[in-house]
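Residues per chain are reported as follows:
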Amino acid sequence: ADEKVREHLDRIKSSVDNATAVIQSLLDLTRMKAARLVRLDLIATTADAIVTAKVPARVKVIRSFAEPEVWVNADREQLGMAFQNIIANAVEAMLGKGTLTVVIDTKDGQAEVSFTDTGPGILPENLDKIFQPLFSTKAKGIGFGLSIAKMVIERHGGTIEVKSASGKGATLIIRLPLGVDK
């Protein structure tokens, strides 16, 4: 086939992929069902999210878990989606290479998960905007990943915050109530 035709077909495919990603993000945001809370191990759920997010080989993942198990009451699918969005965002910020450190601990009756990347960090003027739908600093970003993550975490009775210094990466900290037997 003609080189020009191939080039145009590649552009069309890329545009369709981008449109599909936007539509899927909108569907995730608007169709979010009520969380079906079950008692689950936050460490196992986080480990699954790391695998499902398909972290590239050039990103070193450091896992630091203070305890062998940390139990929360959560919807496995929704929490996994939130963590996958956070991980994907970190990998994109590091341009597919660097270190992602995931720490899970318990403090003051809460489970705490932090994701720290070695990317360029977040500009101070953008710190208050990163959880807003449609906000993105990436050329091909659509700005739904972190807003979906925030919505999921808050639906689980938790909080999410970001700490960053320009040039020194970013850390997203999620706090969730510890699980009780149901």
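Residues numbered from 1 in each chain as written. Predicted model: local features only at pLDDT ≥ 70, side-chain atom pairs only at ≥ 80, totals over all residues. Heavy atoms only, no water.

S.K.: Before we go on, may I ask you to explain the overall build of the protein chain in this structure?
M.R.: Looking only at helices and strands, the protein chain features four helices and seven strands. Ordered by position from the N terminus, the helices and strands of the protein chain form the series α-β-α-β-β-α-β-β-α-β-β. Looking at the protein chain residue by residue over its 182 residues, the buried ones come to 34%. Of the contacts formed within the protein chain by residues at least 6 apart in sequence, a portion of 74% connects residues at least 24 apart. (Helix = DSSP H or I, 4+ residues; strand = E, 2+ residues; numbered from the N terminus. Buried < 20%, exposed > 50% of the residue type's maximum accessible area, 1.4 Å probe, protein only. Contact = heavy atoms within 4.5 Å.)

S.K.: Where do I start with the packing of helix 2 (residues 42-52) against helix 3 (residues 76-93) in this structure?
M.R.: The interhelical angle for the contact between helix 2 and helix 3, taken along N-to-C directions, is 50°, at an axis separation of 9 Å. Accordingly, the angle class assigned to the pair helix 2 and helix 3 is oblique. Of the two elements, helix 2 crosses helix 3, and the hand of that crossing is right-handed. Contacts from Leu42, Thr45, Thr46, Ala49, Ile50 and Thr52 in helix 2 reach Arg76, Leu79, Gly80, Phe83, Gln84 and Ile87 in helix 3. Classifying every residue of the contact of helix 2 with helix 3 gives six nonpolar, five polar and one charged. (Axes fitted to C-alpha atoms, helices over the stretch in contact; angles between N-to-C directions. Parallel < 35°, antiparallel > 145°, perpendicular 65-115°, else oblique. Left-handed = near helix turned anticlockwise from the far one by under 90°. Nonpolar A, V, L, I, M, F, W, Y, C, P; charged D, E, K, R; others polar.)

S.K.: I would appreciate a short explanation of the nonpolar core in the present structure.
M.R.: A general feature of soluble globular proteins is that nonpolar side chains tend to end up buried together. Formed by 38 residues in total, the largest nonpolar core has its most connected members in Leu42, Phe83, Ile86, Phe115 and Ile174. Only helix 2, strand 3 (71-74), helix 3, strand 4 (98-107), strand 5 (110-117), helix 4 (145-155), strand 6 (159-164) and strand 7 (170-177) provide two or more residues apiece to this core. Sort the elements by how many residues they give to this core and helix 3 lands first, with eight residues. Among residues more than four places away in sequence, those in contact with Phe83 are Leu42, Thr46, Ala49, Val113, Phe115, Ile153 and Ile174. (Core = buried A, V, L, I, M, F, W, Y, C linked by side-chain atoms within 4.5 Å.)

S.K.: Where do I start with the pairing of strand 5 in this structure?
M.R.: Consecutive side chains of a regular strand alternate in pointing toward one face of the sheet and then the other. Across the eight residues of strand 5, six count as buried, placing the element largely inside the fold. Both strand 4 and strand 5 contribute to a ladder of eight bridges, which runs antiparallel. Within the sheet, the bridge partner assigned to Val102 lies in strand 5 and is Phe115. Note: strand 5 against strand 7, seven bridges, orientation antiparallel. Across the sheet, the residue bridging to Ser114 is Ile173, located in strand 7. (Pairing = 2+ DSSP bridges.)

S.K.: Mind showing me how you'd approach a nonpolar patch on the surface here?
M.R.: A cluster of nonpolar side chains, Val5, Leu9, Ile12 and Val16, forms an exposed patch at the surface whose accessible area comes to about 350 Å². Within the secondary structure layout, Leu9 lies in helix 1 (residues 3-30). (Patch = residues over 30% accessible without salt bridge, like charges linked within 9 Å, V, L, I, M, F, W, Y side chains within 5 Å. Areas by Shrake-Rupley, 256 points an atom, 1.4 Å probe, with all protein chains shown as cover. Salt bridge = Lys/Arg side-chain N within 4 Å of Asp/Glu carboxyl O.)

S.K.: How should I be thinking about helix 3 in this particular structure?
M.R.: The α-helix advances 3.6 residues per turn, and as a result positions three or four apart in sequence lie on the same side. Taking 1.5 Å per residue, 18 residues should reach 26 Å; helix 3 reaches 26 Å between its end C-alpha atoms and fits that length. In this structure Asp75 caps helix 3, since a side-chain oxygen of it lies 3.1 Å from the backbone nitrogen of Glu77. Downstream of helix 3 by one or two residues, Leu95 has phi in the positive range, about 55°. (Expected span 1.5 Å × (residues − 1). Polar contact = N/O pair within 3.5 Å; in protein donor to acceptor, adjacent residues only side chain to side chain.)

S.K.: Would you mind showing me how to read the environment of Asn73 here?
M.R.: Counting through the fold element by element, Asn73 comes out in strand 3. Take Asn73: its relative accessible area is 15%, and that puts it in the buried class. With 38 residues separating them along the chain, Asn73 and Ala35 place their C-alpha atoms 9.9 Å apart.

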